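Structure at a glance
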Amino acid sequence: IFEMGLILQDEGDPTIFAMDGEGPRREVSVEPFGLGAFEVSNSRFSKFVASTGYITEAERFGWSFAVEAFLSKTVNDNITQQVDAAPWWLPVHGADWRHPNGVDSSID
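For clarity, every value in this text was computed on a predicted model and none was experimentally measured.

A look at the pattern of salt bridges
Enumeration according to the criterion identifies 2 salt bridges in this entry. Residues E59 and R98 are paired through a salt bridge, measuring 2.8 Å at the closest nitrogen-oxygen approach. Placement of E59 in helix 2 (residues 57-61) and of R98 in the segment after strand 4 (89-93) is noted, with a sequence separation of 39 residues between them. In this structure, K73 engages D77 in a salt bridge whose closest nitrogen and oxygen atoms are separated by 2.8 Å. Of this pair, K73 and D77 both sit in helix 3 (residues 73-77), separated by 4 residues, roughly a single helical turn.

Shown next as structure tokens:
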């Protein structure tokens, strides 16, 4: 468990992109949170979904943001909007944890 406290967000990392809200460097308050020892695999998440009926926001909304560089031409050709402040993040209908870059992508 990580305790609540104040942190410096950005820490001067040269890979930080300010237009994404990652900068400028500033002090932010962080609530307590925990991390597991390992990342959650797609297989483990799939078992969790099957046993609990959990539905992600992307599944409820019918879309999620995806990075343009990973989209197929077919998906990209059907994009009609973008976020001006982050034009590489595109709203993709049918994108969810099983289809991270749209209906023609898969985690398999």
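Looking at the side chain of S105
Residue placement: S105 occurs in the segment after strand 4. The buried category is assigned to S105, whose relative accessible area is 15%. From its side chain, S105 meets the backbone nitrogen of N101 in a polar contact 2.8 Å long. Setting aside its immediate chain neighbours within four residues, S105 contacts R98, H99 and P100.

Quick notes on the layout of surface pockets
Empty space within the largest pocket amounts to approximately 210 Å³. Contributing to the lining of the largest pocket are 13 residues, with N78, I79, P91, V92 and H93 lying nearest its centre. Secondary-structure elements contributing two or more residues to the lining of the largest pocket are helix 3 and strand 4. With 3 residues, the top contributor of residues to the lining of the largest pocket is strand 4.

Brief notes about the nonpolar core
One broad trend across soluble globular proteins is that nonpolar side chains are buried collectively. Judged by nonpolar contacts, A66, L71, V75, L90, V92 and A95 together constitute the single largest core of 6 residues. What L90 contacts, discounting residues up to four positions off in sequence, is S64, F65, A66, E68, L71, N76, I79, Q81 and Q82.

Structural notes on the environment of T15
Following the sequence through the fold, T15 ends up in the loop between strand 1 (5-9) and strand 2 (26-30). Here T15 falls in the exposed class, since its relative accessible area comes to 63%. In this structure, the C-alpha to C-alpha distance between T15 and W89, residues 74 residues apart in sequence, is 17 Å.

The rules we used
- Residues numbered from 1 in each chain as written.
- Predicted model: local features only at pLDDT ≥ 70, side-chain atom pairs only at ≥ 80, totals over all residues.
- Heavy atoms only, no water.
- Salt bridge = Lys/Arg side-chain N within 4 Å of Asp/Glu carboxyl O.
- Helix = DSSP H or I, 4+ residues; strand = E, 2+ residues; numbered from the N terminus.
- Buried < 20%, exposed > 50% of the residue type's maximum accessible area, 1.4 Å probe, protein only.
- Polar contact = N/O pair within 3.5 Å; in protein donor to acceptor, adjacent residues only side chain to side chain.
- Contact = heavy atoms within 4.5 Å.
- 1 Å grid on protein atoms, 1.4 Å probe; cavity = no way out; pocket = protein on both sides within 12 Å on 5 of 7 lines; lining within 4 Å.
- Points joined across faces, edges and corners; volume = space filled by probe spheres on them.
- Core = buried A, V, L, I, M, F, W, Y, C linked by side-chain atoms within 4.5 Å.

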